[in-house]
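Breakdown of the fold
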2 protein chains.
Amino acid sequence: MVPRVWKRASIAALPLLLFIGSALAQTDPLPSWNDGAAKKAIVDFVQATTTQGSAGFVPPEERIATFDQDGTLWVEHPMYSQAMYCLDRVPALVKAKPELAKVEPFKTVMSGNREAIAKLPLKDLEKILAATLSGMTVDQFRAEARKWLDEARDPRWKRPYTELTYLPMQELMKYLRANGYRTYIVTGGGQDFVRAYSEATYGIPPEQVVGTAGATKYGYGKDGKPFLTKEPKLLLNDNDAGKPEGIYFMIGRRPYAAFGNSTGDRQMLEYTKAGDGMRLAMLLLHDDAKREYAYGPAKGLPNTQVGAFTQALYDEASKDGWIVISMKDDWKKIFAFEP
Amino acid sequence: MVPRVWKRASIAALPLLLFIGSALAQTDPLPSWNDGAAKKAIVDFVQATTTQGSAGFVPPEERIATFDQDGTLWVEHPMYSQAMYCLDRVPALVKAKPELAKVEPFKTVMSGNREAIAKLPLKDLEKILAATLSGMTVDQFRAEARKWLDEARDPRWKRPYTELTYLPMQELMKYLRANGYRTYIVTGGGQDFVRAYSEATYGIPPEQVVGTAGATKYGYGKDGKPFLTKEPKLLLNDNDAGKPEGIYFMIGRRPYAAFGNSTGDRQMLEYTKAGDGMRLAMLLLHDDAKREYAYGPAKGLPNTQVGAFTQALYDEASKDGWIVISMKDDWKKIFAFEP
């Protein structure tokens, strides 16, 4: 028989016990990840590289982790959100320069014919990108991009694009940062576009975004104040080999961990993995047609227009010791808004 | 008469009192600066921008300070140390490619005729820079640069170049960092060259060095391992308008404080000063022919080959509210090695 006083004590301790239980449950830094090879690889990597005395210990200043964005941190189907942004900017562009209404590819975009727009060749898309991403001051661009990001909605989930980030990747970035890693986005997307939301969306400040970037031009306004204008001149094509080249240029250190999802990330993962000591290279496989999309070797959907997850990439991953993350099997939850 | 017990107490307290006195003396964060307008401007700026509730308060993530290097953080006379490095590399280059021995400007450099070398036109210097700063892997370059920095000595002080940094500027950088500022080097010099020593010399990590940079090229060795090779292709000319352009590209934020010493820093200071709120722009005037050098409007020496402190720059400083630092009057001590 339990003495009365103990009973009272246990009841009094109940909230404390519940608190401890919940605190213990919360010690899992990756609650949206299922237990498995991918989660284990991450935790092992972080423990080995941050435990003083461990063979794989990495000094804090060297702790760099790089993340591709489209398809790695957020949804890239059916179209990169930045491509959506550029198409959405065309009417305003044509209003400012009416002569463009009769010129391809602007004529097709203005027609609103989605099928024809989807069929525009890469060269035409590049023309649209150049026209909608240059010619304004950097402040004007940022304001326009932020306005669009506030208002635009993804066609499937009817939510702002910035809500379509993957919760498990957000947890992974926080976990790495809590362990002294600086997290960088290294994206084939536009550096300025991503910088417009990276801090609010991922906690990644502008100086830690490396992306495809055009030149800017310094000039003076009528009031004598200087400003920078976005020029239609490519400075850094941050895809494929451009990723390690961009990392070297902007960071000057080799990452210890890198995350991607397509052939555009291949060289970044190779370069990361080729460094001394323990390195982590991971590829996200989109194999969840139900909760998100399935494409690449998962064959549920065709590859995206640019970076594709090919069989050759899959084979290189096996050979070089990269870990493939299965969206379907490794992730409990994909989006924060899921019930 | 002092009671005996008090006497004993005072003697016992003496070390403590001495400690407090020395702690109070140490609270001057800029001990190598004389009291004056320059020192006051720095302290006022830091207090206003870091005091919560102050009109000029700047959130920690926005606290960026940019420093030119040559002539601002260390000695640039009689020649940029990087130019010395490139000239010193020519014999090794000619040994590897003997055909260069008969070709200008390498022939002149190999002659050892200092007068003729000093007279080489800019175009020839650029040829030497391109030849000695490209063609090797980035790791080879870093190793060569570090070896040279260890061994080379400045002709006047007979010390490594990395000891010729200005103590007051080192104190200034530490003071800013202690107040949450991230300090960046924004140099017309080579980004890779400066990154080879910036962390050890200034406490500035490679990712906070923006400099003139060439492209790199990703490739694979015989062992299949990837590496980056330095290419003779200019990616960023980080001088003049290239400084704010480079800052926007690499950092994506406007600095709150910027420091320079020549016309090559003009646009960086203008751009900094044109931002909202309280901004600090400072120019170092080399007017101390005895302890260092005097040039520019100080007229003790001719202007250096590239960035010059002209009268026009001096006038813009007065008009735009930049603070001119007089090396002679504002600095108690110039180098840490001074007695």
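See the structure above.
The number of helices and strands found in chain A is 14 helices and 7 strands. Residue burial in chain A is summarised as follows: out of 339 residues, 51% are buried. When contacts within chain A are restricted to residue pairs at least 6 apart in sequence, those whose partners lie at least 24 apart make up 65%. On chain A, roughly 16,100 Å² of surface is accessible, and the fraction owed to carbon and sulfur atoms is 57%.

Turning our eyes to something else, we now look at the interface of chain A and chain B. With 38 residues of chain A at the interface, the matching set in chain B holds 38 residues. When the two sides are added together, the surface that chain A and chain B hide from each other amounts to roughly 3,300 Å², 53% of it contributed by carbon and sulfur. Ranking the residues of chain A by area buried against chain B places Y218, Y248 and F249 of chain A at the top, with a combined share of 24%. At the junction of chain A and chain B, the tally comes to 6 salt bridges. Of the charged contacts in the structure, one is a salt bridge between E199 of chain A and R253 of chain B, with a shortest N-O distance of 3.5 Å. At the boundary of chain A with chain B, the tally comes to 28 residue pairs in polar contact (both at pLDDT 80 or more).

Another aspect to go through is the pattern of salt bridges. Tallied over the full model, the rule gives 36 salt bridges over all chains. K39 of chain A serves as the salt-bridge partner of D28 of chain A, at 2.8 Å between the closest nitrogen and oxygen. Taken as a pair, D28 of chain A in the loop between α1 (4-26) and α2 (37-50) and K39 of chain A in helix α2 lie far apart in primary sequence, 11 residues in all. Note on D28 of chain A: relative accessible area 27%, which makes it partly exposed. Ionic pairing is found between E151 of chain B and K147 of chain B, a salt bridge with its closest N-O pair at 3.5 Å. Note that E151 of chain B and K147 of chain B are positioned in helix α7 (residues 138-151) at a spacing of 4 residues, about one turn of the helix. By relative accessible area, K147 of chain B is classed as exposed at 51%. Several salt bridges share partner residues, and in doing so they unite E62, R182 and R253 of chain A together with E199 and E207 of chain B into one network.

Residues and elements named next belong to chain A. Taken together, the 7 strands give an open sheet; going across it, the order is β4-β3-β2-β1-β5-β6-β7, and neighbouring strands pair in mixed fashion. Looking at which strands have only one partner, the edges of the open sheet turn out to be β4 (226-236) and β7 (323-326). Pairs of neighbouring strands in the sheet enclose a mean axial angle of 35 degrees, with direction left out of account. In the sheet, strand β6 (residues 280-285) pairs with β7 via 4 bridges, with the strands oriented parallel. The partner of L283 across the bridge, within β7, is V324.

What follows concerns the packing of helix α2 (residues 37-50) of chain B against helix α8 (residues 167-178) of chain B. Residue and element names in this part refer to chain B. The geometry of α2 relative to α8 is characterised by a closest axis approach of 11 Å and an angle of 15 degrees between their N-to-C directions. For the element pair α2 / α8, the angle class is roughly parallel. Regarding α2 and α8, the two cross each other, and that crossing is right-handed. Between α2 and α8, the contacting residues are I42, V43, F45 and V46 on the first element and L172, Y175 and L176 on the second. Each residue belonging to the contact of α2 with α8 can be placed in one class, and the counts come to 7 nonpolar, no polar and no charged.

For the pair chain A and chain B, the best superposition has an RMSD of 0.0 Å and corresponds to a rotation of 180 degrees with a translation of 0.0 Å parallel to the axis. Interpreted geometrically, this transformation is the action of a two-fold axis. The rotation axis passes nearest to the C-alpha of M250 of chain A in chain A, at a distance of 3.2 Å. In this assembly the copies share their binding face: 100% of the residues contributing to the interface of chain A also contribute to that of chain B.

For the rest of this paragraph, the subject is the packing of aromatic side chains. Evaluated as defined, the whole model comprises 33 aromatic pairs over all chains. Between W148 of chain B and Y161 of chain B, the ring centres sit 5.3 Å apart and the planes meet at 10 degrees, which makes this aromatic pair stacked. Remark: Y161 of chain B occurs in the loop between α7 and α8 and W148 of chain B occurs in helix α7; sequence separation between them is 13 residues. Assigned by exposure class, W148 of chain B and Y161 of chain B land together as buried. Aromatic ring contacts, followed pair by pair, group W33, W157, Y166, Y293, W331, F335 and F337 of chain A into a single cluster.

Residues and elements named next belong to chain B. Across the interface, helix α12 (residues 266-273) lies against helix α13 (residues 311-320) with an axial gap of 12 Å and an inter-helix angle of 5 degrees. Here α12 is positioned roughly parallel relative to α13, judged by the angle of their axes. Of the residues in α13, those touching α12 at R266, E270 and K273 are L313, E316 and D320. Here the contact of α12 with α13 is composed, by residue class, of 1 nonpolar, no polar and 5 charged.

The rules behind these values
- Residues numbered from 1 in each chain as written.
- Chains lettered and ligands numbered in written order.
- Predicted model: local features only at pLDDT ≥ 70, side-chain atom pairs only at ≥ 80, totals over all residues.
- Heavy atoms only, no water.
- Helix = DSSP H or I, 4+ residues; strand = E, 2+ residues; numbered from the N terminus.
- Buried < 20%, exposed > 50% of the residue type's maximum accessible area, 1.4 Å probe, protein only.
- Contact = heavy atoms within 4.5 Å.
- Areas by Shrake-Rupley, 256 points an atom, 1.4 Å probe, with all protein chains shown as cover.
- Buried area = accessible area lost by both parts, 1.4 Å probe.
- Salt bridge = Lys/Arg side-chain N within 4 Å of Asp/Glu carboxyl O.
- Polar contact = N/O pair within 3.5 Å; in protein donor to acceptor, adjacent residues only side chain to side chain.
- Pairing = 2+ DSSP bridges.
- Axes fitted to C-alpha atoms, helices over the stretch in contact; angles between N-to-C directions.
- Parallel < 35°, antiparallel > 145°, perpendicular 65-115°, else oblique.
- Left-handed = near helix turned anticlockwise from the far one by under 90°.
- Nonpolar A, V, L, I, M, F, W, Y, C, P; charged D, E, K, R; others polar.
- Least-squares fit on C-alpha atoms with pLDDT ≥ 70 in both.
- Phe/Tyr/Trp six-rings, centres within 6.5 Å; stacked < 30°, edge-to-face > 60°.

By themselves, these figures tell us nothing about what the structure is for.
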